[in-house]
Amino acid sequence: MSPKNTECSMNIVISPLNASKTNGGKFQGWGTSLCWWANRLGYSDELARQSAELFFGRDGLRLNIMRYNIGGGDDPAHNHITRTDSAVPGWLVYDRETGSYTYDYNADHRQLNVLKRAAEAAGKDAYVEVFSNSPPYFMTESGCSSGNADPNKDNLKPECLTEFAEYLAHTAKYINDEMGIKVNSVSPMNEPNTDFWWANNWKQEGCHFDAGKSQSDIILETAKAFAVCGLDDVEIVGSDETSPQKQITAYNSYTDKARAVIDRISTHTYDTAGISELGALAKSEGFNLWMSEVDGGGTAGENAGEMGSALWFGEKIIFDINALSPSAWVMWQIIDTHISAEGMNGNADKGMVDISGGFWGTAVADHDNGKIILTQKYYGFGQFTRYIRPGDTIIHCGGDSLAAYNSDTRELAVVVLNKSAEDKTCNFDLSQVKSVGKTVRVIRTSGGTENGEKWAELDNISACESGFTAELKGNSITTFIIDGVTLND
């Protein structure tokens with residue numbers, strides 16, 4: 001893989017000074033939320049097994065983080081959610097006459113089926129976070145788990161605060177103890193300080209919680225309920241706001257008691273306002289930080305075709321991690337679209353995406369043929385997830401690149417995007433690294449799903465003490481793995 005010319009159009013500098021300090025410098029991994037796709041396809045054990053291997057297995061993306069959605073479950077009389085995947089069942093059966101409820105441990109069997117298969121496929125690196133979009137409908141002011149009639153107002157009844165926290169703890173304990181799947185963390189709120197969630201909307205469950213006392217109260221009650229259930233080793237997560245700026249506002253509004261029980265802050269990056277500031281706040285306050293949800297339908301590159309969505313996704317990963325320095329990066333749902341002649345619950349599926357444009361998710365579930373259709377966005381994601389692993393140290397190197405170092409194997413992985421239609425020659429400057437081996441593995445994804453490259457292993461190239469030079473194919477994502485690296489003394 002020798003360059004066509006000696007003029008380098010890109011220069012990437014790897015410096016130990018730019019190593020992430022978040023979580024003690026240990027990256028915790030990559031993941032996806034299980035809602036709503038697991039709720040949609042978990043009825044089929046074949047599709048559940050396929051998804052586990054493709055997304056969490058050794059031969060697939062090797063994701064290790066799964067965010068399980070503890071559904072509130074809407075009023076059975078309601079029929080306003082029209083997506084085929086987002087009406088997630090709750091675990092409680094409510095008796096209106098007595099005002100009591102009982103647990104139905106089989107209600108959410110579809111999502112639990114996928115969770116079980118995914119945890120098995122991820123193996124020792126599996127990390128399970130449980131999270132909530134809404135309390136059960138009968139614990140809400142509106143009587144609807146999609147939100148309050150006024151989306152700017154809290155929807156949890158104040159008198160149900162403890163009951164809701166106990167519901168989260170009871171559900172997590174069942175997964176942890178009865179299913180034997182270790183629950184590592186709990187996030188009791190999802191994008192709470194927004195006006196996104198209103199009663200009887202078509203989208204999904206959701207619940208507003210004001211920043212300050214309201215959010216602090218549910219954090220404290222959740223910590224108490226988990227401790228009572230013997231789950232005091234489960235990490236308590238902050239409010240999972242939709243943007244870093246909102247998460248800064250939330251953190252600054254928590255009571256001192258709430259801050260004392262929080263183990264980690266998470267943010268979504270649909271809006272990136274305040275992203276560097278939140279990263280700086282995490283460093284100054286000394287708390288762990290995740291990017292716990294994002295996706296989108298963007299494209300990047302020049303006449304990139306099916307690589308357009310992959311390049312956009314890679315660009316998003318690199319920007320988020322370099323700007324925020326989180327210890328984990330978790331996408332929204334890995335499958336956003338389904339193909340089915342029958343649909344589900346009387347609603348129609350959207351069908352196949354246009355893979356030459358932008359789309360959410362990285363794959364499509366074909367229920368009619370019992371298979372999962374992969375896209376170049378999937379393979380582009382794998383250029384990161386397969387080679388930057390839990391326990392590595394992220395090294396920020398700016399531009400369209402991201403690096404990570406494994407101190408056990410002494411391997412340095414560098415992922416690079418070329419969003420130009422033309423090939424580029426790139427110089428990798430390793431002069432600030434103490435020692436460098438001689439061999440560089442090269443793995444690349446480019447082109448289309450039919451004839452393009454998918455994690456293609458190219459010929460090894462050679463490195464010297466100061467680094468190496470390599471060619472980047474037009475509209476490609478390439479991972480370089482350098483052996484024998486020692487970062488510093």
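None of the values given here were measured: they were computed from a predicted structure.

Novice: Tell me about the overall build of the protein chain, and please be specific about residues and values.
Specialist: Check the secondary structure of the protein chain and you find ten helices and 22 strands. Taken over the C-alpha trace, the protein chain has a radius of gyration of 23 Å; the compact-globule value for 489 residues is 23 Å, and the two agree within 12%. When its C-alpha atoms are laid out on the principal axes, the protein chain stretches across 80 × 55 × 40 Å. For the protein chain, the residues scored as buried account for 61% of the 489 residues in total. Here the analysis covers contacts within the protein chain between residues at least 6 apart in sequence; of these, 76% occur between residues at least 24 apart. Of the roughly 18300 Å² of accessible surface on the protein chain, 45% is carried by carbon and sulfur atoms. In the protein chain, 41 positive and 66 negative side-chain charges are present, and the distance between their average locations comes to 4 Å.

Novice: Lay out the pattern of salt bridges with the relevant residues and their values.
Specialist: Overall, the coordinates contain 24 salt bridges when judged by the stated rule. Here Lys473 and Glu453 are joined by a salt bridge, their closest N and O atoms 3.7 Å apart. One end of the pair, Lys473, is in the loop between β21 (467-472) and β22 (476-482); the other, Glu453, is in strand β20 (residues 453-462), and 20 residues separate them in sequence. The exposure class assigned to Lys473 is partly exposed, which follows from its relative accessible area of 31%. Three or more residues are tied together by salt bridges with common partners; here these are Asp45, Arg49, Arg117 and Glu120.

Novice: If you had to explain the packing of aromatic side chains to someone new, which residues and values would you point to?
Specialist: Per the stated rule, a full pass over the model turns up 31 aromatic pairs. Ring geometry for Trp312 and Phe313: centres 6.3 Å apart, planes at 25°, overall stacked. According to the relative accessible area criterion, Trp312 is buried, its value standing at 17%. By way of ring pairs, the aromatic residues Phe27, Trp30, Trp312, Phe313, Trp329, Phe381 and Phe384 are connected into one cluster. In this structure, Arg264 is placed above the aromatic ring of Trp290, and the distance from its NZ or CZ to the ring centre is 3.5 Å.

Novice: Before we move on, can you summarise the nonpolar core with the specific residues and values?
Specialist: One finds Trp30, Phe55, Trp329 and Phe381 to be the most contacted residues of the largest nonpolar core, which totals 103 residues. Looking at which element gives the most residues to this core, the answer is helix α9 (residues 307-324), with ten residues. If near-sequence neighbours (up to four positions away) are discounted, Phe381 is found in contact with Trp30, Leu61, Leu63, Phe313, Ile317, Trp329, Met331, Ile334 and Thr362.

Novice: Explain the sheet that holds strand β16 (residues 401-406) residue by residue, including any values.
Specialist: The sheet built from six strands is open, its strands ordered β15-β16-β17-β22-β19-β20 with antiparallel pairing. With one partner strand each, in any of the chains shown, β15 (393-395) and β20 form the two edges of the open sheet. Averaged over neighbouring strand pairs, the angle between their axes works out to 20° when direction is ignored. With three bridges connecting them, β15 and β16 associate as antiparallel partners. By the bridge assignment, Ile395 is partnered in β16 with Ala403.

Novice: Can you lay out the packing of helix α6 (residues 244-253) against helix α8 (residues 275-285) for me, pointing to particular residues and giving the numbers?
Specialist: Contact geometry of α6 with α8 gives a least axis separation of 8 Å together with a crossing angle of 35°. At the point where α6 passes α8, the crossing takes the left-handed sense. Counted together, Pro244, Gln247, Ile248 and Tyr251 of α6 and Ile275, Glu277, Leu278, Leu281 and Glu285 of α8 form the full contact between these two elements. Of the residues contributing to the contact of α6 with α8, the split by class is six nonpolar, one polar and two charged.

Novice: With reference to specific residues and values, describe helix α5 (residues 213-228).
Specialist: Its 16 residues give α5 an end-to-end C-alpha distance of 22 Å, which sits within 8% of 22 Å, the value for a rise of 1.5 Å per residue. Buried within α5 are the following residues: Ser214, Gln215, Ser216, Ile218, Ile219, Glu221, Thr222, Ala223, Ala225 and Phe226. Close packing links the buried residues of α5 with α4 (161-178), β7 (185-187), β8 (235-236), α6 and α7 (256-261). Directly beyond the C-terminal end of α5, a positive phi value near 80° is found at Gly230.

Reading guide: rules and limits
- Residues numbered from 1 in each chain as written.
- Predicted model: local features only at pLDDT ≥ 70, side-chain atom pairs only at ≥ 80, totals over all residues.
- Heavy atoms only, no water.
- Helix = DSSP H or I, 4+ residues; strand = E, 2+ residues; numbered from the N terminus.
- Rg over C-alpha atoms; globule rule 2.2 N^0.38 Å.
- Buried < 20%, exposed > 50% of the residue type's maximum accessible area, 1.4 Å probe, protein only.
- Contact = heavy atoms within 4.5 Å.
- Areas by Shrake-Rupley, 256 points an atom, 1.4 Å probe, with all protein chains shown as cover.
- Lys, Arg positive; Asp, Glu negative; His and termini not counted.
- Charge placed at Lys NZ, Arg CZ, Asp CG, Glu CD.
- Salt bridge = Lys/Arg side-chain N within 4 Å of Asp/Glu carboxyl O.
- Phe/Tyr/Trp six-rings, centres within 6.5 Å; stacked < 30°, edge-to-face > 60°.
- Lys NZ or Arg CZ within 6 Å of the ring centre and 35° of its normal.
- Core = buried A, V, L, I, M, F, W, Y, C linked by side-chain atoms within 4.5 Å.
- Pairing = 2+ DSSP bridges.
- Axes fitted to C-alpha atoms, helices over the stretch in contact; angles between N-to-C directions.
- Left-handed = near helix turned anticlockwise from the far one by under 90°.
- Nonpolar A, V, L, I, M, F, W, Y, C, P; charged D, E, K, R; others polar.
- Expected span 1.5 Å × (residues − 1).

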